[in-house]
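# Chain and residue survey
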Amino acid sequence: MRELDSLDIKILDELCADGRLSNIQLAEKVGLSPSPCWQRVRRLEREGLIMGYSALVDQKKMGYSETVLVEITLERHQGYQLEDVCKELATFPEVLEVHLTSGEFDCFLKVACNGTSGYEEFLKKKLYAVAGIRHSRSVFTLRCFKNTQHVSQR
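This report concerns the structure included in the present document. Note that the structure is a prediction, hence the values are computed from the model and not measured. (Residues numbered from 1 in each chain as written. Predicted model: local features only at pLDDT ≥ 70, side-chain atom pairs only at ≥ 80, totals over all residues. Heavy atoms only, no water.)

## A word on the pattern of salt bridges
Under the criterion given, the structure shown has eleven salt bridges. Here Arg137 and Glu71 are joined by a salt bridge, their closest N and O atoms 2.5 Å apart. You can see Arg137 sitting in strand E4 (residues 133-140) and its partner Glu71 sitting in strand E1 (residues 66-74), a full 66 residues away along the chain. Judged by its relative accessible area of 45%, Arg137 falls in the partly exposed class. With a relative accessible area of 19%, Glu71 lands in the buried category. Between Lys110 and Glu97 there is a salt bridge; the shortest N-O distance is 3.6 Å. Placement of the pair is Lys110 in strand E3 (residues 107-113) and Glu97 in strand E2 (residues 95-100), with a sequence separation of 13 residues. Accessibility expressed as a relative area gives 19% for Lys110, which makes it buried. Its relative accessible area of 25% is what places Glu97 among the partly exposed residues. (Salt bridge = Lys/Arg side-chain N within 4 Å of Asp/Glu carboxyl O. Helix = DSSP H or I, 4+ residues; strand = E, 2+ residues; numbered from the N terminus. Buried < 20%, exposed > 50% of the residue type's maximum accessible area, 1.4 Å probe, protein only.)

## Some points on the nonpolar core
Counting 19 residues, the largest nonpolar core has Leu89 and Leu127 as the members making the most contacts within it. Listing elements by their share of this core, those giving two or more residues are E1, helix H4 (82-89), E3 and helix H5 (115-125). Membership of the second largest hydrophobic core comes to 13 residues, among which are Leu15, Ala27, Val30 and Cys37. (Core = buried A, V, L, I, M, F, W, Y, C linked by side-chain atoms within 4.5 Å.)

## Topic: a nonpolar patch on the surface
On the surface, Val57, Met62 and Tyr64 cluster together into a nonpolar patch covering about 300 Å² of accessible area. Relative to the elements of secondary structure, Met62 occurs in the loop between helix H3 (34-46) and E1. With relative accessibility at 55%, the residue Met62 sits in the exposed group. (Patch = residues over 30% accessible without salt bridge, like charges linked within 9 Å, V, L, I, M, F, W, Y side chains within 5 Å. Areas by Shrake-Rupley, 256 points an atom, 1.4 Å probe, with all protein chains shown as cover.)

## Concerning the side chain of Glu94
Mapped onto the secondary structure, Glu94 falls in the loop between H4 and E2. Among the polar contacts listed, one links the side chain of Glu94 to the side chain of Lys126, at a separation of 2.8 Å. Contacts of Glu94, omitting those with residues within four sequence positions, involve Lys110, Val111, Ala112, Phe122 and Lys126. (Polar contact = N/O pair within 3.5 Å; in protein donor to acceptor, adjacent residues only side chain to side chain. Contact = heavy atoms within 4.5 Å.)

## Thoughts on the packing of helix H1 (residues 6-17) against H3
Between two packed helices, both the angle of their axes relative to each other and the distance between the axes serve to describe the pair. Contact geometry of H1 with H3 gives a least axis separation of 11 Å together with a crossing angle of 80°. Relative to H3, H1 is oriented roughly perpendicular. Contacts between H1 and H3 involve Leu7, Asp8, Ile11, Leu12 and Leu15 on the former and, on the latter, Cys37, Arg40, Val41, Arg43 and Leu44. Residue composition of the contact of H1 with H3, grouped by class: seven nonpolar, no polar and three charged. (Axes fitted to C-alpha atoms, helices over the stretch in contact; angles between N-to-C directions. Parallel < 35°, antiparallel > 145°, perpendicular 65-115°, else oblique. Nonpolar A, V, L, I, M, F, W, Y, C, P; charged D, E, K, R; others polar.)

## What to know about the packing of H1 against helix H2 (residues 23-30)
Contact geometry of H1 with H2 gives a least axis separation of 10 Å together with a crossing angle of 125°. Here H2 runs oblique to H1, going by the angle between their axes. Our pair here, H1 against H2, has a crossing hand that is right-handed. In this structure, H1 uses Leu7, Lys10, Ile11, Glu14 and Leu15 to contact H2, whose residues at the interface are Leu26, Lys29 and Val30. Of the residues that constitute the contact of H1 with H2, the class distribution is five nonpolar, no polar and three charged. (Left-handed = near helix turned anticlockwise from the far one by under 90°.)

Right, dumping it as C-alpha cells:
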C-alpha cells in the first residue's frame, strides 16, 4: 500500500467528522476540485482505507440506557479456540464491539443494555451460554467523553 499524502489525510478526517458530506462540500473543505476529490475518495475506498459509511446512533434513545465494558477470560485447558468464542460473541446484537486482547483477560466487549436488569438478562441468556468462558468482569460506564473510529491527523 502506498503512503497517504496530506490531501488523503484531510479527506479521511473530513469524512470521519461528517460522512454525509457531498463530494462538492468535501472538495471545498480539502481544497480540491470535485473530480480529483471524487477520484481520491474512490481510491481510498478501493484500497480499503475507507471500509464503509455508517451513522452514529444514540443508544439511549434506542432504549439501551447503559453501556457495559466486559473483560472475558477463557478456560485454558478445554481446547476452546479464542477466535471462535469472539466470533460467537460478535453475533449478539447487544454487543457493539469485540476485541481480542493481551494481558490478564482474553477478550474485551462493549455491550449496550437496558439497565441492570437488561444486562442480567444478557448475562443469563447469552454470555453464560457461550462455551469456554471461565470468568467475566463487568464495568458500567458512567459517561462517554470520546467516541470515534479514526485517529485524526489534525
